[in-house]
Structures are given as structure tokens and as C-alpha cells.
Amino acid sequence: MKLLVTGVAGFIGSNFVYHMLEGDPALVLVGLDKLTYAGNYDNLSRLTPDQRDRFSFVRGDINDRALLAQLFGQHDFEGVVNFAAESHVDRAIHDAQVFLTTNVLGTHALLEAAARAWRSGAGWLAGRRYVQVSTDEVYGSLGQQGFFSERSPLAPRNPYAASKAGADHIVQAFHHTFGLPACITRCSNNYGPYQFPEKLIPLMIRNALRHEPLPVYGDGRQIRDWLYVRDHCRAIELVLRRGRPGEVYNIGGHNELENLELVRRLLQVLGQRTGDPAIGEGLIRHVADRPGHDRRYAIDAGKIQAELGWEPLTRFEGGLTQTIDWYLSNREWTERVISGEYLAFYEQNYAARG
Ligand code: NAD
Ligand code: DAU
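Keep in mind the model is a prediction, meaning the values are calculated, not measured.

A.B. asks: Is there a simple way to think about the overall build of the protein in this case?
C.D. replies: Helix and strand counts for the protein stand at 13 helices and 15 strands. The C-alpha radius of gyration computed for the protein amounts to 20 Å, which stays within 12% of the reference 20 Å derived for 354 residues, consistent with globular compactness. Each of the three principal axes of the protein carries a C-alpha extent, and together these read 65 × 50 × 40 Å. Relative to its 354 residues, the protein shows a buried fraction of 54%. For the protein, the proportion of contacts with a sequence separation of at least 24, taken over those separated by at least 6, is 83%.

A.B. asks: Sorry, what's going on with the pattern of salt bridges here?
C.D. replies: When their charged atoms lie close together, side chains carrying opposite charge are able to pair. Enumeration according to the criterion identifies 26 salt bridges in this entry. Note that R265 and E261 form a salt bridge whose closest N and O atoms lie 3.0 Å from each other. Taken together, the positions of R265 and E261, both in helix α9 (residues 259-274) and four residues apart, correspond to about one turn of that helix. Taking relative accessible area as the criterion, E261 reaches 30% and is therefore assigned partly exposed. One network of salt bridges, in which partners are shared, links R206, R210, E212 and E335.

A.B. asks: Please clarify how the site of ligand 2 should be interpreted in this entry.
C.D. replies: The local shell around ligand 2 holds 22 residues, among which T135, D136, Y160, R290 and H293 are the closest. Contacts to ligand 2 include D136, whose side-chain N or O atom sits 2.5 Å from an oxygen atom. N259 places a side-chain nitrogen or oxygen 2.9 Å from an oxygen atom of ligand 2. Relative to its unbound accessible area of 690 Å², ligand 2 is 94% covered by the protein chains. Those elements that place two or more of their residues in the shell around ligand 2 are α7 (200-209) and β10 (214-217). Broken down by element, the shell around ligand 2 gets its largest block of residues, three residues, from β10. The residue inventory of the shell around ligand 2, partitioned by class, reads nine nonpolar, seven polar and six charged.

A.B. asks: How do you make sense of the site of ligand 1 when you look at a structure like this?
C.D. replies: By nearness alone, 28 residues border ligand 1, and I12, D33, S87, Y160 and K164 come closest of all. The backbone of I62 places a nitrogen or oxygen atom 3.0 Å from a nitrogen atom of ligand 1. In this structure, V133 approaches ligand 1 through a main-chain N or O atom, which is 3.5 Å from an oxygen atom. Contact with the protein chains hides 96% of the accessible area of ligand 1, taken as 840 Å² for the molecule alone. The set of elements that each furnish at least two residues to the shell around ligand 1 consists of α1 (11-23), β7 (129-135) and α6 (159-178). Here the shell around ligand 1 takes three residues from β7, the largest share from any one element. Class assignment of the residues belonging to the shell around ligand 1 gives a composition of 12 nonpolar, 12 polar and four charged.

A.B. asks: What is the right way to look at the packing of aromatic side chains in this model?
C.D. replies: The geometry of an aromatic ring pair is captured by two quantities: the separation of the ring centres and the angle between the planes. By the definition in use, this model includes 17 aromatic pairs. The interplanar angle of 75° and the centroid separation of 6.4 Å between the aromatic rings of F72 and W118 together place this pair among those described as edge-to-face. Pair noted here: F72 is in helix α3 (residues 65-74) and W118 is in helix α5 (residues 97-118), with a separation of 46 residues, a long-range link. The buried category is assigned to F72, whose relative accessible area is 10%. Looking at W118, the relative accessible area reads 2%, which means it is buried.

A.B. asks: What am I meant to see in the side chain of E137 here?
C.D. replies: Tracing the backbone shows E137 in the loop between β7 and α6. Look at E137: it is buried, it has no salt bridge, and the nearest opposite charge is R224 at 5.3 Å. Among the polar contacts made by the side chain of E137, one reaches the side chain of Y297 at a distance of 3.3 Å. Residue contacts for E137: discarding those within four places in its chain leaves V89, P156, N158, Y160, A161, D294 and Y297.

A.B. asks: Would you mind going over unusual backbone geometry with me for this structure?
C.D. replies: In most cases, non-glycine residues show a negative phi, while peptide bonds are predominantly trans. Phi is positive for Y194, close to 70°, though the residue is something other than glycine. On the secondary structure map, Y194 appears in the loop between β9 (190-191) and α7.

Reading the values: rules and limits
- Residues numbered from 1 in each chain as written.
- Chains lettered and ligands numbered in written order.
- Predicted model: local features only at pLDDT ≥ 70, side-chain atom pairs only at ≥ 80, totals over all residues.
- Heavy atoms only, no water.
- Helix = DSSP H or I, 4+ residues; strand = E, 2+ residues; numbered from the N terminus.
- Rg over C-alpha atoms; globule rule 2.2 N^0.38 Å.
- Buried < 20%, exposed > 50% of the residue type's maximum accessible area, 1.4 Å probe, protein only.
- Contact = heavy atoms within 4.5 Å.
- Salt bridge = Lys/Arg side-chain N within 4 Å of Asp/Glu carboxyl O.
- Near = heavy atom within 4 Å.
- Polar contact = N/O pair within 3.5 Å; in protein donor to acceptor, adjacent residues only side chain to side chain.
- Areas by Shrake-Rupley, 256 points an atom, 1.4 Å probe, with all protein chains shown as cover.
- Nonpolar A, V, L, I, M, F, W, Y, C, P; charged D, E, K, R; others polar.
- Phe/Tyr/Trp six-rings, centres within 6.5 Å; stacked < 30°, edge-to-face > 60°.
- Lys, Arg positive; Asp, Glu negative; His and termini not counted.

Rendered as C-alpha cells:
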């Protein structure tokens, strides 16, 4: 199988590259990434020589139609997985422009390129699949009870979520209007290695290690449903290989936690692992709430479980400890991605060679 995967230098995309190349020795993967502030080529530096032989990296924008046409002309892709996105809610609240450009228009450009390459007479080349990696945020916010199912109406409440919902609509339009064999996955909050340290878990780890305040938005009682990133990657692979075209698959951990509780557990593990007495709840600071802050997300993942046999394998306690250990062993990674040092390294050592 030959895949085009976008957003490979980001958090979930890089984990997906490892997951796919480790799991399928026949797989060949082309990774496309613009290397924004959130994308780090170094995230892919742990590929083995064999995996590296089956992987090629292209720095570029999913909005670059000429580049997409060139890639689809060079390679007979059987699948496309679109991770490329602006992904941070707080940044979208500050300025949504690039979210619309990448998440909505970029998805459209990719769909058009796949559609052009895969059309065959009145139908489509056999065995092709486009997977759009979406989010539970497109459903909006829940009250105390209930879960998002694939039938829940789309009701995004922040500009990031709205841009992802816009992309989902375009993917569904390409399926319904033209028959493009496309699926959508909508997952809850991921955690694990290589997550950019602006997101809750890596941000809290970094600040605690530096004895800096831990900013908890509002009362900290908002609920997220946390899933270990490799469990998400397994789910996406199943949808890519066996998902029914036109279908949406929700993915979640059945692991709902209030933010404050999550931060407390994180501090406990971090305190134990480091033996640092300054790491504790005294670092927590309640700060102004995120505007439009969604109160609760929770996923009903019954459909993907019933149809594709997926369920999460990583229990939260183990996954959190593993994640904390990764950030402890990779403290210089955190500082380098924040400073942009890895991007400068890429530009000096790789970009010039094409
Ligand atoms: P991320 O911000 O870590 O990575 C995004 C990657 O996309 C980066 O490598 C970036 O350089 C690249 N990119 C951005 N704009 C691009 C463009 N125009 N062209 C090419 N590449 C571009 O994001 P993530 O957390 O890994 O999320 C990946 C996908 O999964 C996103 O679509 C996100 O909406 C979705 N998602 C994330 C979560 C989560 O908890 N992180 C949960 C559900 C869904
Ligand atoms: O639900 C899936 C979504 O999860 C993905 O689509 C997004 O790409 C991803 O970023 C994530 O969105 P969240 O907004 O839920 O993640 P974030 O890590 O930014 O915040 C998690 C919760 O923690 C949220 O309720 C806001 C809160 N928070 C976050 C930060 C960064 C804080 O209280 N303090 C903080 O400093």
C-alpha cells in the first residue's frame, strides 16, 4: 500500500507514521507537511533505516495545488490521510484566518487532487480511500449527561471547531455529489509523545518542571475524554483499511476527566518520578476562562467498536505515566520546538538538498 499522509511532522501525524511503518513492512508512505510552528521534522528522526527507506518527506502546503498534482502524478496513492491542520483552540480565538485557509480550503484542495487522480470513467479506481481526521469539537458542548454519536448534529462553538466542521461538510459533499470514497474520523482529546507544549498536558509538565504557575482556565471543571495517541492511530488505520465510504466514525477513550483532576493526577506522577518537592498543587493558578469554553466532551465509540472491532488498549494511568516519562527524557525537545530551533536545523541541513 502507498499512502499520502499530511501533517506528518505534528503530534498525531508523526505518531501515525511510526504506527504504520512499524506495523506494515510493505507500506510506503509519503509525508507532506508545511512545517508550521507546530510541525517538527525532528519528530520523525526515530525511524529505523528500513522505515526510512519506505518514507519520504515533502515540505509543502496542502493548499499548493501544483504540488499536490505533482505528488499524485508521481505516486499511485491508494490512500490519503489528512492530519494537516491548525489545531489549537486558543490560537483560533486570537486569529482564525489561517484556520480557515488550512483547515477548510486546504482540505478542499486535497479532495480535488485525490478526486482528479482517482477518477476512472464514471467511477473510481478500486481500493482507494480518503480519510479526514476530524474532531469531537465539531459537535459542540455537552451538558452533564450524554455522549456524542455520529448522528449528533454539528454545532461547533469556537473558530477552530467551526473550521473543522466546514472541512467535514466539504468531505461529505465530495462523497455525496461525486462518490469520492471518503471517511471521516472524529476523535476526542489525544495525549502522548510529540505533542506541542501549548496543549494542556505538555504545557503543565513543562511549567511544573520549571516551577512556574499552572494556568487552569476558569473553575477547571470542564471535562475532556482523553485517549492515548497510539490508540487513535490504530483506529485511523482501521478506518483507512476497512471503513465504509461516506461514513463517520467517532473515536474516544471513555475516559472523562475534569481538567483540574487531570492536572492533580499529573502533578502526583510528576512529583513521584522526579522526587522534586516543589512540584505540587501549590503551582495551580485559576486564570480567566477561555472565551466560549466548551464544558464537556464525551464520545460514544460504539460504532467503530461494532463495525471495525476497535477499542482503546491503553489505560489512562499507564498512558499518563508513559507520557510523563517521555517528556522527562526529552526535555530538550520541548525547549527546541518552542524556540523553533528544529526548524532552523531542518532548513540548514535538509531543505537545501530538496
Ligand atoms: P498539530 O498541530 O500537532 O500538527 C498539525 C501538523 O499539520 C503540523 O505538523 C503542521 O506543520 C501541519 N500543517 C499545518 N498547516 C499545514 C498546511 N497548510 N499544509 C501542510 N501541513 C500543515 O496537530 P495534531 O494535534 O497532531 O492534530 C492532527 C489532526 O488531528 C488535526 O486535523 C486535528 O484537528 C485533529 N485532532 C486532534 C486531536 C488532538 O487531541 N490533538 C483530537 C482530535 C482530532
Ligand atoms: O477534543 C479534541 C480537541 O482536543 C482537538 O480537536 C484539538 O486539536 C486539541 O487541541 C484539543 O482541544 P482542547 O481545547 O480540548 O485542548 P487543550 O489542550 O487546548 O485544552 C484542554 C482543556 O484544558 C480545555 O478545557 C482547556 C483547558 N486548558 C488548556 C490550556 C492550554 C487550561 O485549563 N489551561 C491551559 O493552559
